[in-house]
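Results of the structural survey
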Amino acid sequence: MLDQLLRIVTQRGIHTRRELAQRLDVSEELLQQMIEELVHMGYLKPVVGDCHDRCAGCPFATGCAIGGAGRIWTLTGKGVRASDVT
Amino acid sequence: MPEHVITVALAGQPNVGKSTLFNLLTGLNQHVGNWPGKTIERKTGTCHFDGHTLEVVDLPGTYSLTANSLEERIARDYIIKEKPDVVVAMVNAASLERNLYLVAELLPLPVPVIVALNMVDVAESEGMKVEPHVLEAALGVPVVPMVATKGRGVKLLLEEIDRLVEGEVDYLPHRPQIREDHLEVVEGIESLVNPYVPDPYPRRWVALKLLEGDAEITEMMRERMKEDTWQKVHAILHQHEDGVVAVASGRYDWIARMIRAALIRPKVGQISLTHRLDRWATHPFWGLLILLGIVGFIFWLTYAVGAPLQEWLDIVVVGGAADLANAALSGAPDWLTSLVVDGIIGGVGTVLTFLPILIIFFASFGFVEDVGYMARAAYVVDRFMHLMGLHGKSFLPLFLGFGCNVPSVMGARIVESPRARLLTILLAPLMPCTARMAVLAFLTPIFFGTAAPLVSWGMVGLSLVVLALSGILFHKVLFRGERVAFIMELPLYHIPDWRTIGLLILQRSKAFLARAGTIILVVSVIIWALSALPTGDIETSFLATIGHLLEPVGRLMGQNWRMMVALLASFVAKENSIATLGVLFSAGEEEAQLGTILSQTLTPAAALAFLVVQMLFIPCVATVATVKQETDSWRWTGFSVAYLLIISLLGGILAYQMAGFVG
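Residues numbered from 1 in each chain as written. Chains lettered and ligands numbered in written order. Predicted model: local features only at pLDDT ≥ 70, side-chain atom pairs only at ≥ 80, totals over all residues. Heavy atoms only, no water.

Bringing the overall build of chain B into the picture now. Check the secondary structure of chain B and you find 30 helices and 10 strands. When its C-alpha atoms are laid out on the principal axes, chain B stretches across 120 × 60 × 50 Å. Counting all 663 residues of chain B, 56% fall into the buried class. Within chain B, contacts between residues at least 6 apart in sequence are counted, and of these 73% link residues at least 24 apart. Taken as a whole, chain B presents about 28300 Å² of accessible surface, with 63% of it coming from carbon and sulfur. Computing the positive centroid from 49 side-chain charges and the negative centroid from 61, chain B places the two 3 Å apart. (Helix = DSSP H or I, 4+ residues; strand = E, 2+ residues; numbered from the N terminus. Buried < 20%, exposed > 50% of the residue type's maximum accessible area, 1.4 Å probe, protein only. Contact = heavy atoms within 4.5 Å. Areas by Shrake-Rupley, 256 points an atom, 1.4 Å probe, with all protein chains shown as cover. Lys, Arg positive; Asp, Glu negative; His and termini not counted. Charge placed at Lys NZ, Arg CZ, Asp CG, Glu CD.)

Moving on: the layout of surface pockets. By volume, the largest pocket is sized at about 1100 Å³. Taken together, 34 residues form the lining of the largest pocket, with A:Ser27, A:Glu28, A:Glu29, B:Arg265 and B:His275 sitting closest to its centre. If you list the elements that add at least two residues to the lining of the largest pocket, you get helix 2 (17-24) and helix 3 (28-41) of chain A together with helix 3 (96-106), helix 11 (243-262), strand 9 (263-264) and helix 12 (273-281) of chain B. In terms of residue count, helix 2 of chain A provides more of the lining of the largest pocket than any other element does, four residues in total. In the lining of the largest pocket, the residues fall into 16 nonpolar, eight polar and 10 charged. Looking at which domains feed residues into the lining of the largest pocket, each of domain 1 (5-165) and domain 2 (180-267) of chain B gives three or more. There is about 790 Å³ of room inside the second largest pocket. Around the second largest pocket, the lining is made up of 33 residues, and of these A:Glu37, A:His40, A:Met41, B:Thr66 and B:Asn68 lie nearest the centre. Of all the elements in the fold, those that place two or more residues in the lining of the second largest pocket are helix 3 of chain A together with helix 2 (70-82), helix 3, helix 8 (203-212), helix 9 (215-224), helix 10 (227-239) and helix 11 of chain B. (1 Å grid on protein atoms, 1.4 Å probe; cavity = no way out; pocket = protein on both sides within 12 Å on 5 of 7 lines; lining within 4 Å. Points joined across faces, edges and corners; volume = space filled by probe spheres on them. Nonpolar A, V, L, I, M, F, W, Y, C, P; charged D, E, K, R; others polar. Domains from an automatic or database assignment.)

Moving on, we get to unusual backbone geometry. In this structure, A:Asp25 is a non-glycine residue whose phi angle is positive, near 60°. With respect to the element layout, A:Asp25 can be found in the loop between helix 2 and helix 3. For B:Asp50, which is not glycine, the phi torsion reads 50° and is therefore positive. When you line up the elements, B:Asp50 lands in the loop between strand 3 (41-49) and strand 4 (52-58). Residue class for B:Asp50 comes out exposed when judged on its relative accessible area of 58%.

Residue and element names in this part refer to chain B. Taken together, the side chains of Trp-280, Phe-285, Trp-286, Leu-289, Ile-290, Leu-292 and Trp-457 present a nonpolar region at the surface, about 690 Å² in accessible area. If one sorts the elements of the nonpolar patch by residue count, helix 13 (residues 286-328) sits on top with four residues. Structurally, Ile-290 can be placed in helix 13. Residue Ile-290 is classed as partly exposed on the basis of its relative accessible area, which comes to 31%. (Patch = residues over 30% accessible without salt bridge, like charges linked within 9 Å, V, L, I, M, F, W, Y side chains within 5 Å. Salt bridge = Lys/Arg side-chain N within 4 Å of Asp/Glu carboxyl O.)

Taken as a whole, chain B is organised into domain 1 (5-165), domain 2 (180-267) and domain 3 (287-483 + 498-662). For domain 1 of chain B and domain 3 of chain B, the distance between their C-alpha centroids amounts to 65 Å.

So, about the sheet that holds strand 6 (residues 113-118) of chain B. In a beta sheet, neighbouring strands pair by backbone hydrogen bonds and run either parallel or antiparallel. Residues and elements named next belong to chain B. Overall, mixed pairing links the seven strands, which are arranged 2-3-4-1-5-6-8 in an open sheet. Two strands bound the open sheet, and with one partner strand each, they are strand 2 (30-34) and strand 8 (143-145). Along the sheet, successive strands turn relative to each other by an average axial angle of 25°, direction set aside. With six bridges connecting them, strand 5 (residues 86-92) and strand 6 associate as parallel partners. By the bridge assignment for strand 6, Val-88 is matched with Ile-114. Contacting strand 1 (5-12), strand 5 and strand 6, helix 3 crosses the sheet at an angle of about 165° to strand 5. Packed onto the sheet, helix 5 (residues 132-139) meets strand 6 and strand 8 and runs at close to 160° relative to strand 8. (Pairing = 2+ DSSP bridges. Axes fitted to C-alpha atoms, helices over the stretch in contact; angles between N-to-C directions.)

Take the packing of aromatic side chains next. Residue and element names in this part refer to chain B. Evaluated as defined, the whole model comprises 11 aromatic pairs over all chains. With a centroid separation of 5.9 Å and an interplanar angle of 25°, the aromatic rings of Phe-367 and Trp-498 are classed as stacked. In this pair, Phe-367 sits in helix 15 (residues 355-371) while Trp-498 sits in helix 22 (residues 498-517), placing the two residues 131 residues apart along the sequence. With relative accessibility at 35%, the residue Phe-367 sits in the partly exposed group. A centroid spacing of 5.5 Å and a plane angle of 85° characterise the contact between Trp-636 and Phe-639, whose relative ring orientation is edge-to-face. (Phe/Tyr/Trp six-rings, centres within 6.5 Å; stacked < 30°, edge-to-face > 60°.)

On to the pairing of strand 2 of chain B. All names here are of chain B. Across five bridges, strand 2 lies against strand 3 in antiparallel orientation. Within the sheet, the bridge partner assigned to Gly-33 lies in strand 3 and is Arg-42. Hairpin connection from strand 2 to strand 3: six residues lie between these consecutive antiparallel strands, with Gly-37 at a positive phi of about 70°.

A few words now on helix 8 of chain B. Residue and element names in this part refer to chain B. Of all 10 residues that make up helix 8, eight are buried, and the element is covered over most of its length. Along helix 8, the residues that are buried comprise Trp-205, Val-206, Ala-207, Leu-208, Lys-209, Leu-210, Leu-211 and Glu-212. Residues of helix 8 that are buried make contact with helix 2, helix 3, helix 7 (183-193), helix 9, helix 10 and helix 11.

Side chains of a nonpolar character, in soluble globular proteins, are inclined to be buried together. All names here are of chain B. Of all hydrophobic cores here, the largest spans 98 residues; its most connected members are Leu-106, Ile-189, Leu-210 and Met-221. Per-element accounting of this core gives the leading share, 12 residues, to helix 11. For this core, the domains that each give at least three residues are domain 1 (5-165) and domain 2 (180-267). The residues touching Leu-106, leaving out its near neighbours within four places in the chain, are Ala-11, Leu-65, Ile-79, Val-87, Ala-89 and Val-113. Counting 96 residues, the second largest nonpolar core, distinct from the first, contains Phe-299, Leu-602, Met-615 and Leu-616. (Core = buried A, V, L, I, M, F, W, Y, C linked by side-chain atoms within 4.5 Å.)

Time to look at the pattern of salt bridges. The tally for this structure, following the rule as stated, stands at 24 salt bridges over all chains. Between A:Glu28 and A:Arg17 there is a salt bridge, with the nearest N and O atoms lying 3.4 Å from each other. You can see A:Glu28 sitting in helix 3 and its partner A:Arg17 sitting in helix 2, a full 11 residues away along the chain. For A:Arg17, a relative accessible area of 14% gives the class buried. With a shortest N-O distance of 2.7 Å, B:Arg251 and B:Glu212 are connected by a salt bridge. In this pair, B:Arg251 sits in helix 11 while B:Glu212 sits in helix 8, placing the two residues 39 residues apart along the sequence. The burial state of B:Arg251 is the same as that of B:Glu212; both residues are buried. Taken together, the salt bridges that share partners define one network made up of A:Arg17, A:Arg18, A:Glu28, B:Asp278 and B:Arg376.

All names here are of chain B. Locating Lys-43 in the fold gives a position in strand 3. Among buried charged residues, Lys-43 stands out as having no salt bridge; its nearest opposite-charge side chain is Asp-58, 4.1 Å away. Not counting chain neighbours up to four residues away, the residues in contact with Lys-43 comprise Ser-19, Phe-22, His-31, Val-32, Val-56, Val-57 and Asp-58.

Because an α-helix completes one turn every 3.6 residues, residues spaced three or four positions apart along the sequence face the same direction. Residue and element names in this part refer to chain B. Considered for burial, the residues of helix 29 (residues 621-631) that qualify are Thr-623, Val-624, Thr-626, Val-627, Glu-630 and Thr-631. Axial view of helix 29: buried residues confined to an arc of 160°, hence all on one face. The secondary structure elements touched by the buried residues of helix 29 are helix 18 (405-411), helix 19 (418-427) and helix 30 (634-662). With its phi angle positive at about 55°, Asp-632 sits one or two positions after the end of helix 29. (Arc of directions from axis to C-beta.)

Structure (structure tokens):
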């Protein structure tokens, strides 16, 4: 299931949690859990938290749309390698 | 005969009602201490039922048994080493999937498990229905539905514990299995570690934990095994670095199977509003249409409300200010009157009239951001973005470009891959920023009347098409395709917070006014000075000399030297196009509005060409500086400027020639 998730994620572009949940035939709640596990394992990483640090020095940070309400995760190098194998 | 004491361990994730059950079972017969050598509370108690005494141990609440935390280690060590007679795995029926993870980890341990399905009432109130018997059949272990807070199901649980301990029920759990392609790997590890696994530990479990990279078990086995055998195990583990995924995958497959079997979800009618809206908003076709519709509506609003206000401000405020200044400076030298009226009021004043247009943009985009739509927009356009080697995440900084290109370039910082980041930075200046939009909103009604929104739409569309084509070109030529992938959470739609939007408008308007008061003022004065020096006649001024130098290029696009100077000035700040035109055309002209003069000076084809160049031209100096700062390379900055210069001029020439051809 996790390997399938990694594989779909690497296929291309943005995926929403809902779309992935539908493709794997699981609930969004379970998908969220899988994402968290993959983050914990180092295959995915959250993006938004990263952004806030980097944006610390940006004068536009206050009126910035990036890093809004929705969280984003991206594959790590490890995640890409793993999806190549699986 | 001494009474047989049954040891029951209560396991469960935090907040599933474990303490409530513990209190119900043990009442006043509780003992609270600490786990040996740990500061974590250990609660035990006794309970008498049907002639038996139950020793109930409340294990720390844990989400899993991966030994990541002290609580997890305590829970798993207790079960493995102390071997209670029964583990009651308490799960929240309303959050079954999350809770089953722990059950998936409990089942491989050498102790029978009973699932206490708590909060069935909460699950039902949320429209979910869990079938205990089906779940029981799927799990292969007893399942007892409960509402611990109301004491429901406790007796049944005790009976079930009794029956299990007495061997009255077959205990045949369906355990999660590792993904098939790793089965041999686990078996290989198991056969190697087999002689060394200390007694209470199940061998298969140890093999799985090694594959998962469990630090505690790895350490334990490394110490116990002979070096050469350990090296063999280590080699297998090294080769199967992704074993952890295979093991966890097995658990998720198992959870999904259980859920499919035993959980009935709310019917379609009960699906949330966000979900229903997203069926449209993230649809490949309708979603794109909605996005276009929203952007289109914002433009329409700008023209319907902003443009007349701008015109009014231009006539009343700028015109009024000019009259006032003329009157106040009636005795002053001509050059001073000209500086104030033509230079400052003509330049800065004209730019200030954009404020209503900008406020509408800021408010509209602020609204779209705040309502939670932005993530959907990023999702919908992603299919196009990936053609350029970019993904929705680059869309976010690019989308910011609608406001201003500077944060857009800076926003590229969130893109991890250096190539994708550079690509985003190179493309960001092609986003039509509000300053460019304002120029567009000012000029299009003058030349195209009622077709203005359509032309503006076309211009924005053109910018985006050029952006897309440039992206594809850069992606193919400069960078080899790089794979980037994202998972996005689409936030719930919510009613916008007017305070947030108000603040956004205020901040951005202040920034705009600050620009008008500084950079645009300075440029207006310089342009005025260049237009007045050395002779006082604009036709023989320094500016005219510069303009005439650019005229050969301008002629290809139907532009006179003034328009070329305006373009050049837009490098400092985009609004300067208008400020410059304000200075240049108000010089020597009395009472006439800039719009009227412009419409008499330029043909629609030339105006179209001017707009095309303006949209695609080198970004303002602030953006160029930011590009330099973010790329840390003069080469890429130079490339960006040169590329945009060439593209914009070619675009302008093409637009003029084609428009002329079509008539």
